[in-house]
Amino acid sequence: MLFGLGEMAGIATAVSWAVSCQIHTMAGRLIGATEVTVLRAPLFIAAVALVVLTLGADTTTPPTAVFFLACSALAGLAIADPVFYMACVTIGPRLTLLVQGGLTSMLTALLGYVLLGEHISLTGFAGICITSVGVVFVLLEGGVPSASAGLGSPSREQWLRGICLAFAAALALAASYLCMKQGMRQGIDPLWAAMIRITIGGALLWTGAALRGRLRAIFRLARETKGIPRLLLYGCGVSTVGNCLSLFAMHHAESGVVAALIGLQPVAIIPIVALVERKYPTLRAMVGTCIAVTGMMVLFLR
């Protein structure tokens, strides 16, 4: 294995998910974020299946790997995402991202050390810290004196509840990464693992939408909104690359390091937003980018 292969896959995952995030945000502004999440699930499954068939992935499926991948899908999609959006409603998305983004890689590294016996050198841990600080600078680009534009300042009780929810989302996401890592340790092909994980995640999302009686309304909205099918196809195509690379990264590097590199999404999205929406970064964002890149270099040199 070439040195840095997992790290490079982690960075590529961050870039891929940043691009897909921008595309799905455009779709979400038209029909809603929850609707986009449900509609893209079968497209993800089809795209990953195409990759698996094209590249001839090994479909050997250890039962223990399926168990851990199912746990990863449950923690990441059924728990982390809903709790994250509850926090966004309570204290606003910027502060929520600040807390979750700053804690996920740290929690992943700590839990990986305690539960999986992973060892990260002092240099590697320093790289995680520096990268997280850089991401925090980027997320603080617009400042957080009020939780969210249009929501007003949260009360003390709302602030405390929102912080706790954001922390819970970070913990669930860290658990998802660790379950993914443990699943990869069972000797399963990363592409086939991605197929299993995304299928289970999609089933969970559709089951939730069906139980709420939302499926028919979601499909009607998608048919009636111009441009949605194209945006979903583009977004899912790019995001599928990231989904496959994330498992490849987990297979070849420590989970805490991968979580820190994937957490570079707020940095990676800066040039994308500048190109698509003509929103150019502030000095604070540029400083944060430099710090995050420094942390990334430290991780490569660990």
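Only a predicted model underlies this, so the values are computations on that prediction, with no experimental measurement involved.

Conventions used here
Residues numbered from 1 in each chain as written. Predicted model: local features only at pLDDT ≥ 70, side-chain atom pairs only at ≥ 80, totals over all residues. Heavy atoms only, no water. Helix = DSSP H or I, 4+ residues; strand = E, 2+ residues; numbered from the N terminus. Buried < 20%, exposed > 50% of the residue type's maximum accessible area, 1.4 Å probe, protein only. Areas by Shrake-Rupley, 256 points an atom, 1.4 Å probe, with all protein chains shown as cover. pLDDT = per-residue confidence, 0-100. Contact = heavy atoms within 4.5 Å. Salt bridge = Lys/Arg side-chain N within 4 Å of Asp/Glu carboxyl O. Phe/Tyr/Trp six-rings, centres within 6.5 Å; stacked < 30°, edge-to-face > 60°. Axes fitted to C-alpha atoms, helices over the stretch in contact; angles between N-to-C directions. Left-handed = near helix turned anticlockwise from the far one by under 90°. Nonpolar A, V, L, I, M, F, W, Y, C, P; charged D, E, K, R; others polar. Patch = residues over 30% accessible without salt bridge, like charges linked within 9 Å, V, L, I, M, F, W, Y side chains within 5 Å. Parallel < 35°, antiparallel > 145°, perpendicular 65-115°, else oblique. Disulfide = S-S within 2.5 Å. Polar contact = N/O pair within 3.5 Å; in protein donor to acceptor, adjacent residues only side chain to side chain.

1. Points about the overall build of the protein chain
- The secondary structure content of the protein chain amounts to 12 helices and 0 strands.
- Listing each helix as α and each strand as β along the protein chain from the N terminus yields α-α-α-α-α-α-α-α-α-α-α-α.
- The buried share among the 302 residues of the protein chain stands at 46%.
- Accessible area of the protein chain: about 14,300 Å², with a carbon and sulfur share of 71%.

2. So, the confidence of the model for the protein chain
- Summary statistics for the protein chain give a mean pLDDT of 79 and a share of 84% for residues scoring 70 or more.
- Per-element averaging of pLDDT across the protein chain places helix H12 (residues 283-301) at the bottom with 69 and helix H7 (residues 190-211) at the top with 89.
- Below a pLDDT of 50 lies the segment residues 142-151, which in the model reaches 16 contacts outside its immediate sequence neighbourhood of four places, other chains included.

3. Let's talk about the environment of Thr-282
- Residue position: Thr-282 is located in the loop between helix H11 (265-277) and H12.
- Take Thr-282: its relative accessible area is 33%, and that puts it in the partly exposed class.
- Separated by 12 residues in sequence, Thr-282 and Ile-270 have C-alpha atoms that sit 9.9 Å apart.

4. A look at the environment of Val-38
- Its location among the elements puts Val-38 in helix H2 (residues 33-55).
- Measuring from C-alpha to C-alpha, the distance between Val-38 and Arg-214 comes to 9.8 Å, with 176 residues separating the pair along the chain.
- Not counting chain neighbours up to four residues away, the residues in contact with Val-38 comprise Leu-205, Trp-206, Ala-209, Leu-215 and Ile-218.

5. Comments concerning the pattern of salt bridges
- Under the defined criterion, the tally for this structure stands at 1 salt bridge.
- With a closest N to O distance of 2.6 Å, Arg-214 and Glu-35 form a salt bridge. Of the two residues, Arg-214 sits in the loop between H7 and helix H8 (215-224) while Glu-35 sits in helix H2, which places them 179 residues apart along the sequence.
- Residue classification places Arg-214 among the partly exposed positions, given a relative accessible area of 31%.
- Overall, Glu-35 belongs to the buried group, its relative accessible area being 12%.

6. A look at the packing of aromatic side chains
- All chains considered together, the criterion is met by 2 aromatic pairs.
- On the numbers, 5.6 Å between centres and 70° between planes, the contact of Trp-206 with Phe-219 is edge-to-face. Of this pair, Trp-206 sits in helix H7 while Phe-219 sits in helix H8, placing them 13 residues apart in sequence.
- Classification of Trp-206 by relative accessible area gives partly exposed; the value is 28%.
- According to the relative accessible area criterion, Phe-219 is partly exposed, its value standing at 36%.

7. Let's talk about the packing of helix H1 (residues 5-31) against helix H10 (residues 255-262)
- Interhelical geometry of H1 versus H10 gives an angle of 35° and a closest axis separation of 8 Å. Two packed elements cross with a definite hand, and for H1 against H10 that hand is right-handed. Contact with H1, carried on its side by Glu-7, Gly-10, Ile-11, Thr-13, Ala-14 and Trp-17, involves Val-257, Leu-261 and Ile-262 of H10 and no other residues of that element.
- Tallied by class, the residues present in the contact of H1 with H10 amount to 6 nonpolar, 2 polar and 1 charged.

8. Considering a nonpolar patch on the surface
- A surface patch of nonpolar side chains, about 430 Å² in accessible area, is lined by Val-133, Phe-137, Leu-283, Met-286 and Val-287.
- Elements with a contribution of two residues or more to the nonpolar patch: helix H5 (122-139) and H12.
- Take the nonpolar patch: its biggest share by element is 3 residues, from H12.
- Assignment of secondary structure puts Leu-283 in helix H12.

9. As for the packing of helix H6 (residues 156-184) against helix H9 (residues 228-252)
- Closest axis-to-axis distance for the H6/H9 pair is 9 Å, and the angle between their directions is 70°. By the angle between their directions, the pair H6 and H9 is classed as roughly perpendicular. Taken as a pair, H6 and H9 cross one another with a handedness that is right-handed. Within the contact between the two elements, H6 uses Tyr-177, Met-180, Lys-181 and Met-184 and H9 uses Ser-246, Leu-247, Met-250 and His-251.
- Classifying every residue of the contact of H6 with H9 by side-chain character gives 5 nonpolar, 2 polar and 1 charged.

10. Examining the state of the cysteines
- Summed over all chains, the structure comprises 0 disulfides.
- Free of any disulfide, Cys-71 has its nearest neighbouring cysteine sulfur in Cys-179, separated by 4.9 Å.

11. Focus on the side chain of Lys-181
- With respect to the helices and strands, the residue Lys-181 is situated in helix H6.
- Reaching out from Lys-181, the side chain makes a polar contact with the backbone oxygen of Met-250 at a distance of 2.5 Å.
- Ignoring any residue separated from it by four or fewer positions in sequence, one finds Lys-181 in contact with Leu-116, Glu-118, Met-250, His-251, Ala-253 and Ser-255.

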